[in-house]
Amino acid sequence: MKKFWNTLVALMISAVAVTGLAHAADEAPDQLIKRLSQEILDTAKNDKDIQAGNQKKIYDMVEGKILPFIDFQRMTSLAAGKSWREATPEQQKQLTTEFRTLLIFTYSGAMSQIKDQRVEFKPFRAAADDTDVEVKTSVVQSRGEPIQLNYRLQKSATGWKIYDINVLGAWLVETYKGSFSAEISKSGIDGLIKTLSDKNKKLAAASAKGGK
């Protein structure tokens, strides 16, 4: 189940990592997710390096394109909870950077597992003036039941940005919130930053080795 979770979250994270220049600020949130989901599926299925699990190539693609489409600061602030408001601006910056890096490292490698999936979209309901919406989809495979994959997006001056993802009924932010809270209680914000940094160093070493 963990591997399948990684695959689905990889699909989400990587879906926003393609065709950044084609993004339009006035693109509707459901249309944005539809376009990007299809593009990443096509890319993953047709790229031999990705299918072979070349993590460096996948990471470079995600790192180079992802920032305009995901609000990592809001995602991090939600995961950190009330401790976010108690952190200094520098601590907030460091925590956001380390959390962003962890998510990219952790899930980008799972893109090689994308094979025969397709995405179906549920009816999108939102008022014209809504600035915070949810786009509901399901991932369909040749075997097994469809898997729920939903996105929360917030409208910014440059367009819609994803700040949370729901897989199998569990929101990504909530998944990390518990471990963040436990680490902060034990060693404070700086301790959490160090823990994430140490994990990222190990993942970076593994990614460099896999990319050779």
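Fair warning: this is a prediction, and the values are worked out from it, not measured in the lab. (Residues numbered from 1 in each chain as written. Predicted model: local features only at pLDDT ≥ 70, side-chain atom pairs only at ≥ 80, totals over all residues. Heavy atoms only, no water.)

I'd love a proper account of the overall build of the chain, names of residues and values included.
Helix and strand counts for the chain stand at eight helices and five strands. For the chain, the α and β elements follow one another from N to C terminus as α-α-α-α-α-α-α-β-β-β-β-β-α. The proportion of buried residues among the 212 residues of the chain is 47%. For the chain, the share of sequence-separated contacts (at least 6 apart) that also reach a separation of at least 24 residues comes to 61%. Summed over all atoms, the accessible surface of the chain reaches about 10800 Å², with 51% contributed by carbon and sulfur. (Helix = DSSP H or I, 4+ residues; strand = E, 2+ residues; numbered from the N terminus. Buried < 20%, exposed > 50% of the residue type's maximum accessible area, 1.4 Å probe, protein only. Contact = heavy atoms within 4.5 Å. Areas by Shrake-Rupley, 256 points an atom, 1.4 Å probe, with all protein chains shown as cover.)

Which residues make up the sheet that holds strand β4 (residues 159-167), and what values do they have?
Read across the sheet, five strands follow the order β1-β2-β3-β4-β5 without closing on themselves; strand pairing throughout is antiparallel. With one partner strand each, in any of the chains shown, β1 (118-121) and β5 (170-171) form the two edges of the open sheet. In this structure, strand β3 (residues 147-156) lies alongside β4, joined through eight bridges in antiparallel fashion. If you follow Asn-150 over to β4, its bridge partner there is Asn-166. Against the sheet, helix α5 (residues 72-80) touches β2 (132-140), β3 and β4, its axis set at about 40° to β4. (Pairing = 2+ DSSP bridges. Axes fitted to C-alpha atoms, helices over the stretch in contact; angles between N-to-C directions.)

Go over the nonpolar core with me, naming the residues and quoting the values.
Judged by nonpolar contacts, the single largest core of 35 residues is most densely connected at Met-75, Leu-95, Phe-99, Leu-103, Leu-153 and Tyr-176. Looking at this core, the element that brings in the most residues is helix α8 (residues 172-210), giving nine residues. Counting six residues, the second-largest nonpolar core is a separate cluster that includes Ala-44, Ile-50, Ile-58 and Val-119. (Core = buried A, V, L, I, M, F, W, Y, C linked by side-chain atoms within 4.5 Å.)

Kindly report on the side chain of Glu-183, identifying the contributing residues and their values.
Tracing the backbone shows Glu-183 in helix α8. Looking at Glu-183, its side chain comes within polar contact range of the side chain of Thr-195, at 3.3 Å. Apart from the residues within four sequence positions on either side, Glu-183 is in contact with Gly-188, Gly-191, Leu-192 and Thr-195. (Polar contact = N/O pair within 3.5 Å; in protein donor to acceptor, adjacent residues only side chain to side chain.)

Just give me the short version of the environment of Lys-34, but keep the residues and values in it.
With respect to the helices, strands and loops of the structure, Lys-34 is situated in helix α2 (residues 29-46). The spatial distance from the C-alpha of Lys-34 to the C-alpha of Thr-137 is 9.3 Å, given a sequence separation of 103 residues.

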